[in-house]
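# Structural characterization, general
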Amino acid sequence: MRVLVTDGMDAGAIAQLRGDGFEVVEQFYEPDQLGAALREFDIVVIRSATKIKEPQIDAAKGSQLKLIIRAGVGVDNIAVKYAEAAGIKVMNTPRASSNAVAELAIALLFACARSLSVAGHTMREQKWEKKAYSKGFELQGKTMGVVGYGRIGRLIGEKAQALGMNVLSSVHRNKPEGCECETMHFVSMEELISQSDVIALSAPAGDKPLVNAESIAQMKDGVVIINTSRGSNIDEAALLDALNSGKVKAAGLDVWMDEKNPNWELASHPAVACAPHIGAGTKEAQKRIGAELVDIIESFK
């Protein structure tokens with residue numbers, strides 16, 4: 001069986017697949033070339049850079065392609081229902097990167113609490129601005145609202161609780177059991193938005209942004225927003241306005257509306273701690289993702 005890997009994969013996992021008799025090709029294709037290329041493979045493994053939408057699926061339809069695997073959690077870069085209607089199965093690796101993403105969310109929160117991003121930048125400019133950046137806040141005793149309490153959201157909540165924070169979450173269905181306690185409660189979205197000192201987004205992309213001008217107006221003054229989910233969950237223009245007005249004290253962002261050309265004004269704002277979508281970018285997570293990919297591919301065989 002032929003496997004196309006477009007956005008990289010753990011070297012050990014590739015070696016294992018090749019040792020088991022799979023032909024693995026590592027090659028990135030531009031969108032207008034990808035569909036035709038997919039026809040030559042049984043399986044394709046992608047991460048966030050590659051998008052397999054209707055045009056690519058139309059081009060690959062009726063070929064030997066039978067499985068698309070997203071090496072990660074979100075599958076919004078794949079036209080899932082369209083692919084499955086064409087007889088192409090879609091799978092992901094939902095467990096492997098959860099802890100890495102949750103740890104980054106907490107890291108971004110610490111950076112926001114102590115202005116580490118801008119303070120470090122001024123140090124590199126050989127400026128000593130201790131007074132300017134000695135007005136941080138502590139996390140202990142604060143309330144974090146986690147929007148989306150799946151694998152990643154629950155880990156974010158558990159780590160926040162370990163830091164002495166109280167956690168709120170809003171789940172419309174499939175509320176996980178065993179989470180609620182003295183420091184964790186499920187509430188309505190309205191309560192979460194209005195009562196949280198920190199709002200961490202860990203939900204799939206929806207029809208409209210979770211953070212927009214309307215929802216920001218309902219938040220506490222000086223709220224901190226953390227996003228390690230999907231860039232489309234935030235109206236970036238509304239967030240920038242709120243940062244400039246002081247309504248939002250700080251934001252920690254790992255994901256962006258346009259990741260080929262992110263909002264540089266937002267990324268360079270002094271109250272923003274940011275990263276170029278590195279949530280799953282740990283050696284440990286990549287090994288776990290690779291192992292999960294091998295299991296999926298070998299089971300499919």
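Scoring rules and cut-offs
Residues numbered from 1 in each chain as written. Predicted model: local features only at pLDDT ≥ 70, side-chain atom pairs only at ≥ 80, totals over all residues. Heavy atoms only, no water. Helix = DSSP H or I, 4+ residues; strand = E, 2+ residues; numbered from the N terminus. Expected span 1.5 Å × (residues − 1). Buried < 20%, exposed > 50% of the residue type's maximum accessible area, 1.4 Å probe, protein only. Phe/Tyr/Trp six-rings, centres within 6.5 Å; stacked < 30°, edge-to-face > 60°. Lys NZ or Arg CZ within 6 Å of the ring centre and 35° of its normal. Pairing = 2+ DSSP bridges. Axes fitted to C-alpha atoms, helices over the stretch in contact; angles between N-to-C directions. Contact = heavy atoms within 4.5 Å.

Our focus in this paragraph is helix H5 (residues 98–113). In an α-helix there are 3.6 residues to a turn, and that puts residues three or four apart on one side. For H5, spanning 16 residues, the distance from its first C-alpha to its last is 23 Å, which sits close to the expected 22 Å at 1.5 Å a residue. Burial within H5 is extensive, with twelve of its 16 residues counted as buried. One or two steps after H5, the chain reaches Ser-115, where phi turns positive at roughly 50 degrees.

Inspection of every chain in the model, using the stated rule, returns one aromatic pair. Just above the ring of Phe-41 sits the side chain of Arg-2; from NZ or CZ to the centre is 4.4 Å.

This brings us to unusual backbone geometry. Look at Ser-115: it is not a glycine, yet its phi comes out positive at around 50 degrees. A residue is classified by how much of its surface remains accessible, and Ser-115, at 27% relative accessible area, is partly exposed. The phi dihedral of His-277 is positive, around 55 degrees, even though this residue is not glycine. Looking at the element boundaries, His-277 is found in the loop between strand S12 (272–274) and helix H12 (283–300). According to the relative accessible area criterion, His-277 is partly exposed, its value standing at 24%.

Attention now goes to the sheet that holds strand S9 (residues 198–201). On the basis of which strands lie adjacent, the open sheet formed by seven strands has the order S8-S7-S6-S9-S10-S11-S12 and parallel pairing. Each having just a single partner strand, strand S8 (184–186) and S12 make up the two edges of the open sheet. For this sheet the average axis-to-axis angle between neighbouring strands, irrespective of direction, equals 15 degrees. Of the strand pairs in this sheet, strand S10 (residues 223–227) and strand S11 (residues 248–253) are connected by five bridges, and their pairing is parallel. Residue pairing in the sheet places Ile-226 in a bridge with Gly-252 of S11. In the packing of H5 onto the sheet, contacts are made with strand S6 (143–147), S9, S10, S11 and S12, and the angle to S10 comes to roughly 150 degrees. Those strands touched by helix H10 (residues 236–245) are S10, S11 and S12, and its axis lies near 135 degrees from that of S11.

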